[in-house]
Amino acid sequence: MNTQLTIDERNAVLISMANLVEKEKDNILKANKIDLDSYSGEDLAMEDRLKVDDSKIEGMVASLKHLASQEDPVGVERFSFKHDNGMQVYNKTASFGTVMIIYESRPDVTVEAAGIAFKSGNKILLKGGKESLNSNLEIVKLWHKALEENNISPKWVEYLQFDRKQTQEFLANPNQRVDLVVPRGGERLIKFVKENSSAQVIVSGRGNNFVYVDKNANTDIAIDVILNGKTGKISACNAVDKILINSELPNKEEFLSELQKALSDNNVEIIADRSLENMNGSRPVENEDEWYEEFLDYKALIGEVDSTTEAIAKINKYSGGHSASIISKDDKTAQHFMENVDNAAVYHNASTRFTDGGQLGLGGELAISTDKLHQRGPIGLQHLVTNKWYIHGNGQTR
């Protein structure tokens, strides 16, 4: 296997892969149908992530073509310095080496995340869930074909057909070099990887995202943003689970009635905190754990706060560190909220559903990190690199 592929070689493979996914669409859909028919779980979010349709295929193809059109993220100069002794010093981006992606149910990850990692000059190790095995193997077969069409070793993309015990052993004592591990899935998967991996881990964390309706909110915007965040895609990590209402909101009862109707019309179960327990059609919060929970379901917890400061404290305590939005006509209040909420993405009068690499201008994402090192939020092409120092001299000694 080559130690480093040129940008032309990497782009050629991505274009070949885009063409193959388009051409072999029916085979991917057939494989996915086997997975869907075999899936017997009751997890709505998992099933939604598992399903591949024409729209998802189009997304895979578009992602690959877009990746091929982007600048090379490797070898980009980040810093330069001319030493007093004449040495020329550069700091440039560099590939990690081998990136392992562990994920549940989403066959599109086998295309898009692998594509981002490959474009960044990395070898890819894919470990998908058993529920999507047929879909994943069909897609990996196309990766190997795309590599071979360009006279490049198929070892650049490897699928690890491991059970849980084998995965645990590989994470702790890999039989090949692994430079970075990225888990994409629920909290149990992330905890499992963090506890067992001997390599660096970037956590694609849980959502449990909040919308705060300020006392100066435009309530029409609030309803639209809450509905979009809650019902747009329940399986997304950028979906809304918690709604905080300022107690001084004018016409608060009228707004709550309108919100209750909008959520109920969309089959969303409403859980009301003690302050709002008389809200029509709601059930009370069972225990504090519900505030921490990422629902991934048609459920929303609504609570009341007396100030923006209280809203910030509540979000920082309970959220997953992913996304939060304030609905307010007051720019100063919004700025205070955005600066003090400790989330990867903060919004003013907009839906949390935009926390996505494609939507935020990255063209796609490997994952959405809730860690602070080395990148926070959507990890795109330009973030899946480390750095390296290049020093040119003519005999200098120290």
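The present account deals with the structure reproduced in this document. (Residues numbered from 1 in each chain as written. Predicted model: local features only at pLDDT ≥ 70, side-chain atom pairs only at ≥ 80, totals over all residues. Heavy atoms only, no water.)

A few points about the overall build of the protein
- Within the protein one finds 13 helices and 17 strands.
- For a compact globule of 398 residues, the expected C-alpha radius of gyration is about 21 Å, and the protein comes in at 23 Å, within 12% of that figure.
- Overall, the protein is about 75 × 65 × 35 Å in size when its C-alpha atoms are taken along their principal axes.
- For the protein, the residues scored as buried account for 52% of the 398 residues in total.
- Contacts in the protein between residues far apart in sequence, at least 24 positions, make up 71% of those at least 6 positions apart.
- For the protein, the accessible area works out to roughly 18,700 Å², and carbon and sulfur atoms hold 44% of it.
- Counting 46 positive and 60 negative side-chain charges, the protein places the centres of these two groups 6 Å from one another. (Helix = DSSP H or I, 4+ residues; strand = E, 2+ residues; numbered from the N terminus. Rg over C-alpha atoms; globule rule 2.2 N^0.38 Å. Buried < 20%, exposed > 50% of the residue type's maximum accessible area, 1.4 Å probe, protein only. Contact = heavy atoms within 4.5 Å. Areas by Shrake-Rupley, 256 points an atom, 1.4 Å probe, with all protein chains shown as cover. Lys, Arg positive; Asp, Glu negative; His and termini not counted. Charge placed at Lys NZ, Arg CZ, Asp CG, Glu CD.)

Regarding a nonpolar patch on the surface
- Nonpolar side chains collect at one region of the surface, where F79, F81, W389 and I391 lie side by side and expose about 430 Å² of accessible area between them.
- Those elements that provide at least two residues to the nonpolar patch are β1 (77–82) and β17 (386–392).
- Relative to the elements of secondary structure, F79 occurs in strand β1.
- In this structure F79 comes out as partly exposed when scored by relative accessible area, which is 41%. (Patch = residues over 30% accessible without salt bridge, like charges linked within 9 Å, V, L, I, M, F, W, Y side chains within 5 Å. Salt bridge = Lys/Arg side-chain N within 4 Å of Asp/Glu carboxyl O.)

A closer look at the side chain of N246
- Mapping N246 onto the fold places it in strand β9 (residues 240–246).
- Note on N246: relative accessible area 2%, which makes it buried.
- Here the side chain of N246 touches Y212 through a polar contact of 2.9 Å, side chain to side chain.
- When neighbours within four sequence positions are excluded, N246 is seen to be in contact with Y212, V213, D214, K215, K252, V305, D306, S307 and T308. (Polar contact = N/O pair within 3.5 Å; in protein donor to acceptor, adjacent residues only side chain to side chain.)

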